[in-house]
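# Per-entry structural report
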Amino acid sequence: MLQLKTAGYIAIENLRNHPGLTTEWQTQQELETLTDRYHQAFLDERFEVSKTLGGLFLAHELIDRSIRTEEQERMDDPSLTAAEKLSLIKALDNMNNMMSLYPHYISIIEPSIRKIAKQKKRPARILELASGAGGFALAIAAQAKQSSLPVEITGSDIVEEYVEYGNQTAEKQNLPVRFNTINAFELDTLDTCGCDIILISQSLHHFTPGQLARIIVQSLLHGATEFLGLDGHRGTDVLAGVPLVAMLQGISALSLDGYTSARKFYSELELDLIARIATGSMRHRIEFSWPLTVLGIPFG
């Protein structure tokens, strides 16, 4: 219901012919500002198109507009203590493990891993941004250790407590993964790590459209072969399901975060728009693999 593709495609076509909008940019700050402006113009135009289409189209648009939010998740609240943040992010990892989501996530990115490993005749190298307590990176490392999955994984986050916890867990479990403190907006300041895939899992909605566009461009400038983004699919089933499953962790703040996150998930057309502006091409792919939307952008 919340994908709104019919009205969305018409809105995108209308925007292409809009004399006041452009997707051209020079600096990354210009890219961020332009992408945010274009994204808002898309939502506004889709609303106007839905009014013209009427009926269920307008009803679904109104539902989406009432649900959509820019509220901050509790775990992103700067007033939280390190212990409180870590408690929430660990509960999120527990929820993912309880639902056996990480094996599903690995199956989604495995084709890219094997393709790159075959091309380069070595394990594919992944840098995960915004990896939180490291649940997915740890799961990838465990799979690499237990099977023939040809991959090397590095996790990262801007929160030092998450990075420390991830490294402690990796050491306890004897897993081949390292976590570093990295600002996702400053990849171009890092020494090259030779990463093939830059990955964001379950965190796309934590970034504005303009911020995502910057991360995509910096992934290219950092020498990656591909950018991969995995996040919840925007839909009423996920909107209801995420907070319900979060409730099983017995942490009210996590349940609220689950609902807030589901309200912020990007639709497929929104991610398509962001990728187009960032890359200036249509080489990316967007797939639905319940309960995820997958954005893949090849650079090489």
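Further up the page is the structure itself.
Residues numbered from 1 in each chain as written. Predicted model: local features only at pLDDT ≥ 70, side-chain atom pairs only at ≥ 80, totals over all residues. Heavy atoms only, no water.

### Observations concerning the environment of Ile 216
Looking at the secondary structure, you find Ile 216 in helix α8 (residues 209-221). Counting along the chain gives 140 residues from Ile 216 to Asp 76, while the straight-line C-alpha distance between them is 22 Å. If near-sequence neighbours (up to four positions away) are discounted, Ile 216 is found in contact with Phe 227, Ile 274, Ala 275, Ala 278, Thr 279, Leu 295, Ile 297 and Phe 299. (Helix = DSSP H or I, 4+ residues; strand = E, 2+ residues; numbered from the N terminus. Contact = heavy atoms within 4.5 Å.)

### Observations concerning the packing of aromatic side chains
Tallied over the entire structure, the rule returns four aromatic pairs. With a centroid separation of 5.9 Å and an interplanar angle of 75°, the aromatic rings of Tyr 102 and Tyr 105 are classed as edge-to-face. A residue pair is termed a helical-turn pair when its members lie 3 or 4 positions apart in one helix, as Tyr 102 and Tyr 105 do in helix α5 (residues 101-120) at three residues. Grouping residues by exposure puts Tyr 102 and Tyr 105 together as buried. Considering the side-chain rings of Tyr 102 and Phe 136, the 5.8 Å spacing of their centres and the 15° angle between planes classify their relative orientation as stacked. Of the two residues, Tyr 102 sits in helix α5 while Phe 136 sits in helix α6 (residues 135-146), which places them 34 residues apart along the sequence. The class for Tyr 102 is buried, based on a relative accessible area of 4%. For Phe 136, a relative accessible area of 2% gives the class buried. A network of ring pairs unites the aromatic residues Tyr 102, Tyr 105 and Phe 136 as a single cluster. (Phe/Tyr/Trp six-rings, centres within 6.5 Å; stacked < 30°, edge-to-face > 60°. Buried < 20%, exposed > 50% of the residue type's maximum accessible area, 1.4 Å probe, protein only.)

### Some words on the side chain of Asp 196
Relative to the elements of secondary structure, Asp 196 occurs in the loop between β3 (177-181) and β4 (197-201). Judged by relative accessible area, which is 1%, Asp 196 ranks as buried. A polar contact of 2.9 Å, which involves the side chain of Asp 196, links it to the side chain of Lys 120. (Polar contact = N/O pair within 3.5 Å; in protein donor to acceptor, adjacent residues only side chain to side chain.)

### Some remarks on unusual backbone geometry
Excluding glycine, a negative phi dihedral is what most residues carry, and trans is how most peptide bonds are arranged. Note that the residue after Trp 290, namely Pro 291, is joined by a cis bond; omega there is 5°. The residue Leu 4 is not glycine, and still its phi comes out positive at about 50°. Tracing the backbone shows Leu 4 in the segment before α1 (5-16). For Leu 4, a relative accessible area of 11% translates into the label buried.

### Observations concerning the sheet that holds strand β7 (residues 292-298)
Across the sheet, which stays open at both edges, the seven strands sit in the order β3-β2-β1-β4-β5-β7-β6 with mixed pairing between neighbours. Each end of this open sheet is capped by a strand with a single partner; those strands are β3 and β6 (285-289). In this sheet, neighbouring strand axes are inclined to one another by 20° on average, regardless of whether the strands run parallel or antiparallel. Bridge count for strand β1 (residues 124-129) against strand β2 (residues 151-157) is five bridges, and the pairing is parallel. Counterpart to Arg 125 in the pairing with β2 is Glu 152. Relative to strand β5 (residues 226-232), α5 is tilted by about 175°, and along the sheet it contacts β1, β2, β4, β5, β6 and β7. (Pairing = 2+ DSSP bridges. Axes fitted to C-alpha atoms, helices over the stretch in contact; angles between N-to-C directions.)

### Quick notes on the pattern of salt bridges
Inspection of every chain in the model, using the stated rule, returns 20 salt bridges. For Arg 276, the salt bridge is made with Asp 272, and the minimal N-O distance between the two is 2.8 Å. Here Arg 276 pairs with Asp 272, and both are found in helix α11 (residues 268-279), just four residues apart, close to one helical turn. When its relative accessible area of 10% is taken as the criterion, Asp 272 is described as buried. (Salt bridge = Lys/Arg side-chain N within 4 Å of Asp/Glu carboxyl O.)

### Quick word on the side chain of Asp 77
Following the sequence through the fold, Asp 77 ends up in the loop between α3 (55-67) and α4 (82-98). The class of Asp 77 is buried, set by a relative accessible area of 17%. Among the polar contacts made by the side chain of Asp 77, one reaches the side chain of Arg 74 at a distance of 3.0 Å. Within the structure, Asp 77 has its side chain in polar contact with the side chain of Ser 79 (distance 2.8 Å).

### Observations regarding the pairing of β7
Residues in a regular strand point their side chains to alternate faces of the sheet. Of all seven residues in β7, six are buried; the element is thus mostly enclosed. In this sheet, β7 lies alongside β6 in antiparallel orientation, the contact comprising five bridges. Each bridged residue has a counterpart across the sheet, and for Phe 288 the counterpart in β7 is Thr 293. Taking the residues that link successive antiparallel strands as the turn, the β6-β7 hairpin has two residues.

### As for the environment of Val 294
With respect to the helices, strands and loops of the structure, Val 294 is situated in strand β7. Spatially, the C-alpha atoms of Val 294 and Ala 253 are 27 Å apart, while their sequence positions differ by 41 residues.

### Some remarks on the packing of helix α2 (residues 28-53) against α3
Two elements in contact, α2 and α3, have axes separated by 7 Å at closest approach and are oriented at 145°. The handedness of the crossing between α2 and α3 comes out as left-handed. In this structure, α2 contributes Leu 43, Arg 46, Phe 47, Ser 50, Lys 51 and Leu 53 to the contact, and α3 contributes Gly 55, Phe 57, Leu 58, Glu 61, Leu 62, Asp 64 and Arg 65. A breakdown of the residues in the contact of α2 with α3 according to their chemical character gives six nonpolar, two polar and five charged. (Left-handed = near helix turned anticlockwise from the far one by under 90°. Nonpolar A, V, L, I, M, F, W, Y, C, P; charged D, E, K, R; others polar.)

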